[in-house]
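Here are the chains, one letter per residue:
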Amino acid sequence: MNWQSITFDWNQARAFLVTAEEGSLSAAARALGLTQPTLSRQVAALEEALGVTLFERVSKSLILTEAGVELAEHVRAMGDAASRVSLAASGQSQQIEGLVTVSATDLMAAHLLPDILRDIRQKAPGIEVKILCTNSLSDLRRREADIAVRHVEPDHPDLYARKLREAPARIYGARSYLEKFDRKLFRKDAENLDFIGFDNNEELVGYLRSFGLKVSEANIRLGSPSGVVAWEYVRHGLGLSIMADEIAVRCADILPAFEDVTPVTFPIWLVTHRELHTSRRIRIVFDLLAEGLLAIETDPCLRAPATKVLKHET
């Protein structure tokens, strides 16, 4: 290899790649924890070192040039290689101190994880746990998180996954909302009721129909991509929504909305990268999370009647 032909450093290449993927200098700076001027200087230094223009600056947007598109493919491969190096190093680490990042939905993080995190703190006080709240799938192969709690089975061979259990869910509403009708509600009433949306209303309608409810997007006139915010709207009596029994039971004045709607179940998976699973500190957090999430199922207050499997219908 001609080492002298390499005329740029990795930090500059990384700055370019993250800017290309995030779409702006400000977003890339946030992703890397840098200031925008610092990031801009790194991208400019890379352009100068290579003698090419990588971005066209149109108004406030950055558009990759032809040279930038070609370079991004090569730098992305470098990024994947760098991630594999980090994974291998982390996987071989036997320290029981250090940071472990766990990805989970905001609702799970707010309602179910606190007791489990208290247990982790007591049993592994040297480990720092960072919770990444996201309702989308974190890319564990790119180290967006070390461990993820998911509701779908991962299909990549680099990931180690353990299915913990099926969790029951049903449609809930606040007592203040339900009492307005001065009678019990049944499935046939659904088309005249208000529902709270989370992110994708079309998808939510499919889930609601899996309960046998004849609803449409017209029933969803309020919502938020934040699960915590949307659930607060339910708790304030602004409408109904689907919720896991183990979360709903923790909220005062929340009741099942319908007399004749059978609960459904959804899976809970715990996922990590296969190489990271050999890291002692990550394995400790993984095992304690599994133990805590499994223990919720045995709580007699959270047991639900016979359920059916949740299927998305359109």
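Everything that follows concerns the structure shown earlier in this document.
This section reports on the structure supplied with the text. Since the structure is predicted, the reported quantities are computational estimates derived from the model, not experimental observations. (Residues numbered from 1 in each chain as written. Predicted model: local features only at pLDDT ≥ 70, side-chain atom pairs only at ≥ 80, totals over all residues. Heavy atoms only, no water.)

Thoughts on the overall build of the protein chain
- Scanning the protein chain from terminus to terminus reveals 11 helices and 12 strands.
- Within the protein chain, the proportion of its 314 residues that are buried is 42%.
- Intrachain contacts of the protein chain at a sequence separation of at least 6 include 77% that bridge at least 24 residues.
- As presented, the protein chain carries roughly 17,000 Å² of accessible surface, and 49% of it is formed by carbon and sulfur atoms. (Helix = DSSP H or I, 4+ residues; strand = E, 2+ residues; numbered from the N terminus. Buried < 20%, exposed > 50% of the residue type's maximum accessible area, 1.4 Å probe, protein only. Contact = heavy atoms within 4.5 Å. Areas by Shrake-Rupley, 256 points an atom, 1.4 Å probe, with all protein chains shown as cover.)

Side note on the side chain of Arg-170
- If you trace the backbone, Arg-170 turns up in strand β6 (residues 159–174).
- Of the polar contacts made by the side chain of Arg-170, one reaches the side chain of Asp-245; its length is 2.7 Å. (Polar contact = N/O pair within 3.5 Å; in protein donor to acceptor, adjacent residues only side chain to side chain.)

A short note on the environment of Gly-68
- Assignment of secondary structure puts Gly-68 in helix α4 (residues 66–92).
- Of the residues examined, Gly-68 reaches a relative accessible area of 0% and is grouped as buried.
- Between the C-alpha atoms of Gly-68 and Thr-53, which are 15 residues apart in sequence, the distance is 7.3 Å.

Points about the nonpolar core
- Grouped together as the largest cluster of nonpolar side chains are 60 residues, with contacts concentrated most on Ile-171, Phe-195, Leu-213, Trp-231 and Phe-258.
- By residue number, the principal contributor to this core is helix α11 (residues 280–297), which donates 8 residues.
- The residues touching Phe-258, leaving out its near neighbours within four places in the chain, are Ile-171, Leu-185, Phe-186, Arg-187, Ala-190, Leu-193, Phe-195, Leu-213 and Leu-240.
- Residues Ala-28, Ala-29, Val-43 and Phe-55 belong to the second largest nonpolar core, which totals 17 residues. (Core = buried A, V, L, I, M, F, W, Y, C linked by side-chain atoms within 4.5 Å.)

With respect to helix α1 (residues 10–22)
- If you check α1, its first and last C-alpha atoms are 18 Å apart, about what 13 residues at 1.5 Å a residue would give, namely 18 Å.
- A positive phi of about 95° marks Gly-23, the residue just after α1. (Expected span 1.5 Å × (residues − 1).)

Here's the deal with the packing of aromatic side chains
- Within the structure shown, the criterion is met by 3 aromatic pairs.
- Here Phe-16 and Phe-55 contribute two aromatic rings whose centre-to-centre distance is 5.6 Å and whose plane-to-plane angle is 55°, an arrangement assigned as tilted. Of the two residues, Phe-16 sits in helix α1 while Phe-55 sits in strand β1 (residues 55–58), which places them 39 residues apart along the sequence. With respect to burial, Phe-16 and Phe-55 carry one shared label: buried. (Phe/Tyr/Trp six-rings, centres within 6.5 Å; stacked < 30°, edge-to-face > 60°.)

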